[in-house]
Amino acid sequence: MSIVAEIKPTNTFSFKPNKHSVADFPMPTTRVESWKYTRVGAIDTNWKQAERNSNSTALENAIRIENGFITLPSTSIAGIQLTLGKDLSANQQETILSLLSKENRTDVFDAISENASNDLVLIEIEKGKLVEEVLAIELGNSSNMCMSAPYVFIVSKENSVAKFTVDFKGESEQSFHLVNLYAHVEASAQLEIHQLQNTSKNECILLRESISQAEKSVFKITTVTASGTWVRNELNIRIEGQHCETFLSGAYFPKQDQLIDNHTFVDHQVPNCYSNELYKGVLFENGKGVFNGKVYVHIDAQKTNAYQSNANIMMSDNASIFTKPELEIYADDVKCSHGSTTGQFNEEALFYLRARGLSEESAKRLLVSAFTSDVMNRISIPSWKEYVLQTLIQNEIITE
Amino acid sequence: MLKIENLQARIEEKEILKGLSLTVGEGEVHAIMGPNGSGKSTLASVLAGREDYEVTGGTVTFNGKDLLDMPAEERAREGLFLAFQYPVEIPGVSNMNFLKAAVGEVRKHRGLEALTAKEFLQLVKEKSELVELDGQLANRAVNEGFSGGEKKRNEIFQMAMLNPSLCVLDETDSGLDIDALRIVSEGVNAMRDGKRSFVVITHYQRLLDHIVPDFVHVLYKGKIVKSGTKELALELEEKGYDWLKETEDAK
Ligand SMILES: Nc1ncnc2c1ncn2[C@@H]1O[C@H](COP(=O)(O)OP(=O)(O)OP(=O)(O)O)[C@@H](O)[C@H]1O
Ligand SMILES: [Mg+2]
């Protein structure tokens, strides 16, 4: 049975006019270009709409999103205002509607999210504030066979600086995270989001992120998928103001029959901006990876500097990767480049390490950590980087 | 120490070693010379356990154990060290981390206690001084951006760190200037302790002036065609290989 049949509309977006109707959209098939390599079968099943876990308690320093329901941390962070959906002012509702309206995609998952969303949170970083503390968001599904559909909205106000971590934890046997994150980075603000996905059981993730940047803003994001049965990350970044910098990076390690799909879109709408994209994959066993990196440079976006790189190592003959750079460049005075490599392990290097006494397994892990080190070095929060690396060590992907 | 008997090996259907025999005793230094393509590096690779080469016949015993039966890492742990002719660059893997792991594995295998961080650093300092390797290089990625001479010194540095009982040096002299050659040779000589054995592959007498061999062998077309003492190397330097090739090809 399809997930659609199960949907009972919620009140989360009661303030939103013209909600989409789920019935108006079909499930995407592989005939749809952006779903060509990713079948939705794994997520199109009869999930129960998630319910609040009444035993769930607030975390001290992190926003806890459990079964899609949001619990704010027990201590507050100076410079960050957190507001749950039910507590939004009229102005804040307007803010959310304007964030939503920036995303011009509408498909069945938007309609499902909008109608079935359990909860939302608006995170506002005060103007001019340099927030030293990291704001952590932790997502887990504690009930089995549930679909959780939370929304996170972030507004980095003018000239603010903040860093987030987003931790997808595997807590259920089988469930579906349908997560929407919208962020607007105002003029001269800096926002970083560092994400880890380690849903080791039969959990699926569809993460849809929609970012917009005003002039002179900096946005950086890293997404490490350490494990996950079916993971699709859609990251759309609209660069609306001049002199912005954008760094988007990711590393993915599908094993067994896992599927990890990263669809990114960098939309250079205005001149004089810089974007730098680096995604790396190491594919084990029957693991499958998809990387689709779209960069669109509008006709007026002169002096755009856009770099994209995707590199993959196949650790098994049965693993597969579908990688597609999509560069659409309509301005003439730009510097854009993309590179994509897929290869086997460097046998020479492997032998060299073994000839010094390292086992084949640890030599491989050393080479995997070397291969992905440039992505890991973009994680600017040392404790988070350590946590990500420890997770990869535990998953027997890299070595200490 | 090392006993190679009638060793035959091929790569991609091409026979390269065609019945090679060589015995290296404890504390001995053997030089192996021979024209390009004769199979010297192949011998070194087969000894180190490179799997691209298929051993089609013969035996190799190392300290009484069947060497050919061991994977490459076990050979290293058992005390065999190959200084590569072309050390590979491994971007992203720090020399230090890699060596720490290697030293750890080797010591564990030999039943020695793990070194503390301080002891390890002390060892690094001592051994890098031995080959006058700039301390900075130890902190960089393995061989990445090293000059030819630095790569070779790094090989000898690793050798000193791992404390092997049999060292195979494949053209460690090539790419070294006069000073570097002296430094590397002194490093090697410092490791000669009457027990540790060496197989030194080289084209030139120049190296053997510093590392004086007990025996010299000529490898040609996958076999040892002549063996002698250090005087043989001088003779080869003077006469080249043609006289040997002729007698061998006439057979
Ligand atoms: N991967 C390979 N595939 C095919 N042939 C190879 C391969 N590696 C080596 N050979 C061949 O094996 C032969 C022996 O090579 P080897 O490198 O052992 O010679 P060498 O004596 O070390 O020469 P040099 O003095 O030039 O270092 C050569 O003819 C070489 O072309
Ligand atoms: Mg050679």
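Undergrad: Before we go on, may I ask you to explain the overall build of chain A in this structure?
TA: The helix and strand tally for chain A stands at 6 helices and 21 strands. Compactness check: chain A gives a C-alpha radius of gyration of 21 Å against a globular reference of 21 Å for 400 residues, within 12% of the reference. Judged by the C-alpha coordinates and their principal axes, chain A covers about 65 × 50 × 45 Å. Each of the 400 residues in chain A was classed as buried or not, and the buried ones make up 58%.

Undergrad: Could you clarify how one ought to interpret unusual backbone geometry in this entry?
TA: Most of the time, phi is negative for any residue but glycine, and the peptide bond is trans. In this structure, Glu-285 of chain A takes a positive phi of about 50° despite not being glycine. Within the secondary structure, Glu-285 of chain A is located in the loop between strand E17 (274-283) and strand E18 (288-297). Take Glu-285 of chain A: its relative accessible area is 41%, and that puts it in the partly exposed class. Phi at Glu-132 of chain B takes a positive value of approximately 50°, unusual for a residue other than glycine. Tracing the backbone through its elements, the reader meets Glu-132 of chain B in the loop between helix H4 (117-130) and helix H5 (135-139).

Undergrad: In this structure, what is going on with the coordination of the magnesium ion (ligand 2)? I would like to understand it.
TA: Ideal geometry at a metal gives 109.5 degrees between four tetrahedral donors and either 90 or 180 degrees between six octahedral ones. Residue and element names in this part refer to chain B. Surrounding the magnesium ion (ligand 2) are the protein donor atoms Ser-41 (OG) and Gln-85 (OE1), which sit 2.0 to 2.3 Å from the metal. Taken together, the residues span a long stretch of sequence, with Ser-41 in helix H1 (residues 40-48) and Gln-85 in the loop between strand E6 (80-83) and strand E7 (90-94) at a distance of 44 residues. A relative accessible area of 25% means that Ser-41 is categorised as partly exposed. For Gln-85, a relative accessible area of 13% gives the class buried.

Undergrad: What exactly am I supposed to notice about the site of ligand 1 here?
TA: Residues and elements named next belong to chain B. The local shell around ligand 1 holds 16 residues, among which Asn-36, Lys-40, Ser-41, Thr-42 and His-203 are the closest. At a separation of 3.3 Å, an oxygen atom of ligand 1 approaches a polar side-chain atom of Glu-171. Alone, ligand 1 offers 640 Å² of accessible surface; in the complex the protein occludes 68% of this. Only strand E2 (14-24) and H1 provide two or more residues apiece to the shell around ligand 1.

Undergrad: Mind showing me how you'd approach the sheet that holds strand E3 (residues 29-33) of chain B here?
TA: Two strands in a sheet stick together by hydrogen bonds in their backbones, pointing the same way (parallel) or opposite ways (antiparallel). All names here are of chain B. With mixed pairing, the 6 strands of this open sheet are ordered in space as E6-E9-E10-E3-E11-E12. Of all the strands in the sheet, just E6 and strand E12 (223-228) have a single pairing partner and so form its edges. On average, each strand axis in the sheet is inclined to that of its neighbour by 20°, with strand direction left out of account. Summarising the sheet, strand E9 (residues 166-170) and strand E10 (residues 197-201) pair through 5 bridges and their orientation is parallel. Note on E10: the bridge partner recorded for Leu-166 is Ser-197. Sitting on the sheet, helix H10 (residues 242-250) touches strand E11 (215-220) and E12, and the angle it makes with E11 is about 55°.

Undergrad: Can you help me understand the packing of H4 of chain B against helix H6 (residues 148-162) of chain B in this one?
TA: Two quantities define a packed helix pair, namely the angle between the helix axes and the distance between the axes. Residues and elements named next belong to chain B. It is at 9 Å that the axes of H4 and H6 come closest, and there the two elements cross at 135°. In terms of orientation, H4 and H6 fall into the oblique class. The hand of the H4/H6 crossing is right-handed. Contact residues: H4 offers Phe-120, Leu-123, Val-124, Lys-127, Ser-128 and Leu-130, while H6 offers Phe-157, Ala-160 and Met-161. A breakdown of the residues in the contact of H4 with H6 according to their chemical character gives 7 nonpolar, 1 polar and 1 charged.

Analysis parameters
All residue numbers refer to positions counted from 1 along the written sequence of the respective chain. As a convention, the first chain written is A and the first ligand written is 1, with the rest following in written order. Whole-chain, interface and lining totals are the exception, using all residues; otherwise, since this is a predicted model, local features are given only for residues with pLDDT of at least 70 and side-chain atom pairs are given and counted only at 80 or more. As a rule here, side-chain values cover all heavy atoms of the structure and leave hydrogens and water aside. Under the scheme used here, helices are H or I runs from DSSP no shorter than 4 residues and strands are E runs no shorter than 2 residues, and both carry numbers assigned from the N terminus. With C-alpha atoms as the basis for the radius of gyration, the globule rule is written as 2.2 Å multiplied by the number of residues raised to the power 0.38. Exposure is judged per residue with a 1.4 Å probe applied to protein chains only, and the accessible area is read against the type maximum: over 50% gives exposed, under 20% gives buried, and values in between give partly exposed. Coordinating N, O and S atoms are those within 2.8 Å of the metal (3.2 Å for Na, K and Ca), and as water is not part of the atoms, a site may appear to have fewer donors than expected. Proximity is defined per residue: any heavy atom of the residue falling within 4 Å of a molecule or strand makes that residue near it. Any pair of nitrogen or oxygen atoms within 3.5 Å is treated as a polar contact; in protein, a donor-acceptor pairing is required on top of that, and neighbouring residues in sequence qualify only through side-chain atoms on both sides. For the area figures, the Shrake-Rupley method with a 1.4 Å probe applies, and any residue is considered shielded solely by the protein chains shown. Here a strand pair is declared whenever DSSP counts at least two bridges between the two strands. Axis definition: a line fitted to C-alpha atoms, over the contacting stretch in the case of helices. Angles run 0 to 180 degrees between N-to-C directions. Working rule for contacts: check all heavy atoms of both residues, and any pair within 4.5 Å makes them a contact. An angle below 35 degrees is treated as roughly parallel, one above 145 as roughly antiparallel, one from 65 to 115 as roughly perpendicular, and anything else as oblique. What makes a crossing left-handed is the near helix being turned counterclockwise from the far one by less than a right angle; a clockwise turn instead makes it right-handed. Think of it as three bins: nonpolar holds Ala, Val, Leu, Ile, Met, Phe, Trp, Tyr, Cys and Pro, charged holds Asp, Glu, Lys and Arg, and polar takes everything else, Gly as well.

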